[in-house]
Amino acid sequence: MAPTLLLTGAAGRVAGQLLPGLTGRTVRLLDRTTPSGETGAEVLTGELTDRDLLARAVEGVDTVVHLAGDPRPDATWDDLRGPNVDGFTALLEAAADHGVRRVVYASSVHAMGRYEAEGRTPVESTWAPAPCCEYGATKAFDEAMAAAFSHRRGLSTIGLRLGATTPEPTQRSQLSGWLGPTDLRRLVVGAVETDVRCGVYPGISANTRTHWDLSRAVADLGYRPELDSEAYAATVEDDGTTIATCG
Ligand SMILES: NC(=O)c1ccc[n+]([C@@H]2O[C@H](COP(=O)([O-])OP(=O)(O)OC[C@H]3O[C@@H](n4cnc5c(N)ncnc54)[C@H](O)[C@@H]3O)[C@@H](O)[C@H]2O)c1
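In this report, the structure presented in the accompanying data block is examined. In this text, all values refer to a predicted model and were calculated from it rather than measured experimentally.

Regarding the overall build of the protein chain
Secondary structure summary: the protein chain contains seven helices and nine strands in total. The dimensions of the protein chain, computed from C-alpha atoms along their principal axes, are 45 × 35 × 35 Å. Here the protein chain, with 247 residues, has 49% of them falling under the buried criterion. Partitioning the contacts of the protein chain with sequence separation of at least 6, the portion at a separation of at least 24 is 66%. Of the charged side chains in the protein chain, 23 are positive and 33 negative; the average position of the first set lies 4 Å away from that of the second.

Observations concerning the packing of helix H2 (residues 51-58) against helix H3 (residues 77-97)
Between H2 and H3, whose axes approach to 9 Å, the crossing angle comes to 50 degrees. When the axis of H2 is compared with that of H3, the two are oblique. Of the two possible hands of crossing, H2 and H3 adopt the one that is right-handed. Of H3, the residues touching H2 (which contributes Arg51, Leu54 and Val58) are Ala90, Leu91, Glu93, Ala94 and Ala95. Its residues placed into classes, the contact of H2 with H3 shows six nonpolar, no polar and two charged.

As for the packing of aromatic side chains
Inspection of every chain in the model, using the stated rule, returns three aromatic pairs. Their ring planes at 70 degrees and their centres at 5.5 Å tell us that tryptophan 178 and tyrosine 232 sit as a pair that is edge-to-face. Separated by 54 residues along the polypeptide, tryptophan 178 in strand S8 (residues 178-179) and tyrosine 232 in the segment after helix H7 (215-221) bring together distant segments of the chain. Here tryptophan 178 falls in the buried class, since its relative accessible area comes to 1%.

Overview of the site of the ligand
In the vicinity of the ligand, 26 residues are found, and the nearest of them are Arg13, Val14, Asp31, Tyr135 and Thr165. For the ligand, an oxygen atom lies 2.9 Å from a polar atom in the side chain of lysine 139. Here an oxygen atom of the ligand sits 2.8 Å away from a polar atom, N or O, in the main chain of threonine 165. Compared with its free state, where it exposes 820 Å², the ligand has 88% of that area covered by protein. Mapped by element, the contributors of at least two residues to the shell around the ligand are helix H1 (13-18), strand S5 (102-108), helix H5 (134-153) and strand S7 (164-165). The leading source of residues in the shell around the ligand is S5, at three residues. A class-by-class count of the residues in the shell around the ligand yields 11 nonpolar, nine polar and six charged.

Concerning the side chain of serine 107
Structurally, serine 107 can be placed in strand S5. At 2.7 Å, the side chain of serine 107 and the side chain of glutamate 143 are in polar contact. Residues within four places of serine 107 in sequence aside, it is in contact with Lys139, Glu143, Leu160, Arg161 and Leu162.

Thoughts on the pairing of S5
Counting buried residues along S5, seven of its seven residues qualify, which places the element largely inside the surrounding structure. Neither face of S5 is exposed, since Arg102, Val104, Ala106 and Ser108 on one face and Val103, Tyr105 and Ser107 on the opposite face are all buried. In the sheet, strand S4 (residues 61-66) pairs with S5 via four bridges, with the strands oriented parallel. Looking at S5, one finds that valine 64 is bridged to valine 103. Relative to strand S6 (residues 156-162), S5 is paired through seven bridges, and the arrangement is parallel. Pairing of tyrosine 105 across the sheet is with glycine 159, part of S6.

Cut-offs applied
Residues numbered from 1 in each chain as written. Predicted model: local features only at pLDDT ≥ 70, side-chain atom pairs only at ≥ 80, totals over all residues. Heavy atoms only, no water. Helix = DSSP H or I, 4+ residues; strand = E, 2+ residues; numbered from the N terminus. Buried < 20%, exposed > 50% of the residue type's maximum accessible area, 1.4 Å probe, protein only. Contact = heavy atoms within 4.5 Å. Lys, Arg positive; Asp, Glu negative; His and termini not counted. Charge placed at Lys NZ, Arg CZ, Asp CG, Glu CD. Axes fitted to C-alpha atoms, helices over the stretch in contact; angles between N-to-C directions. Parallel < 35°, antiparallel > 145°, perpendicular 65-115°, else oblique. Left-handed = near helix turned anticlockwise from the far one by under 90°. Nonpolar A, V, L, I, M, F, W, Y, C, P; charged D, E, K, R; others polar. Phe/Tyr/Trp six-rings, centres within 6.5 Å; stacked < 30°, edge-to-face > 60°. Near = heavy atom within 4 Å. Polar contact = N/O pair within 3.5 Å; in protein donor to acceptor, adjacent residues only side chain to side chain. Areas by Shrake-Rupley, 256 points an atom, 1.4 Å probe, with all protein chains shown as cover. Pairing = 2+ DSSP bridges.

In structure tokens:
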């Protein structure tokens, strides 16, 4: 039987786009709300900060794909702290304690948003984190904590700085940082399977107007994006900016 993969945030929007790319794997789902639709997968419902639930969730798991979190760039620290900081750290601890091989986790382009706002593009993935908001700061924290767990506990951690992860871009500001569904699946499968032990990579499609340098994701994860937001450029709403992160 294929090694078990735990998907957190399984009831969310990104998970809904990712799940069709995980067929052929044994998947366990975790979310605070019950995912809709019948996937045939085992489902656990509850909070990321519930350590007993996390222990059951990671039991026998090879890889965690961690998407649970508050995805709102305008969220307050009070809202973000539980899911994005305490919950993520609890997940890393459970994974390290129970012999999980790897955690692939959703970071965000907002962890690097100040570079984009200042016009320092294309943003390279090796530059120091430069968040543009509290949300981006929680993702930069997650990247630092994941690297510490790789260093101290031997847990493999791969962070993906996702851009606007939607079936198609709907606004001009999304044209540079859009990540389409089939590229999301390619990226996550590459992150699950890479030989790299610890790293952080941009999660963006092959957009003509990109602000993000994908070369390390190509080299390390074998990521070969095939979608380009340019196909939607004539039809998206003009929201007055070309910047995906907080300006
Ligand atoms: N959607 C995007 O365009 C985008 C862009 C960049 C990064 N991300 C990141 O990707 C991840 C998924 O985003 P999304 O858009 O699917 O968000 P979403 O809100 O649609 O889904 C997140 C899921 O996580 C669950 N969740 C939140 N806190 C939880 C907790 N404490 N315990 C258990 N479950 C909890 C929610 O119930 C929800 O189903 C997030 O980490 C987000 O920051 C998303």
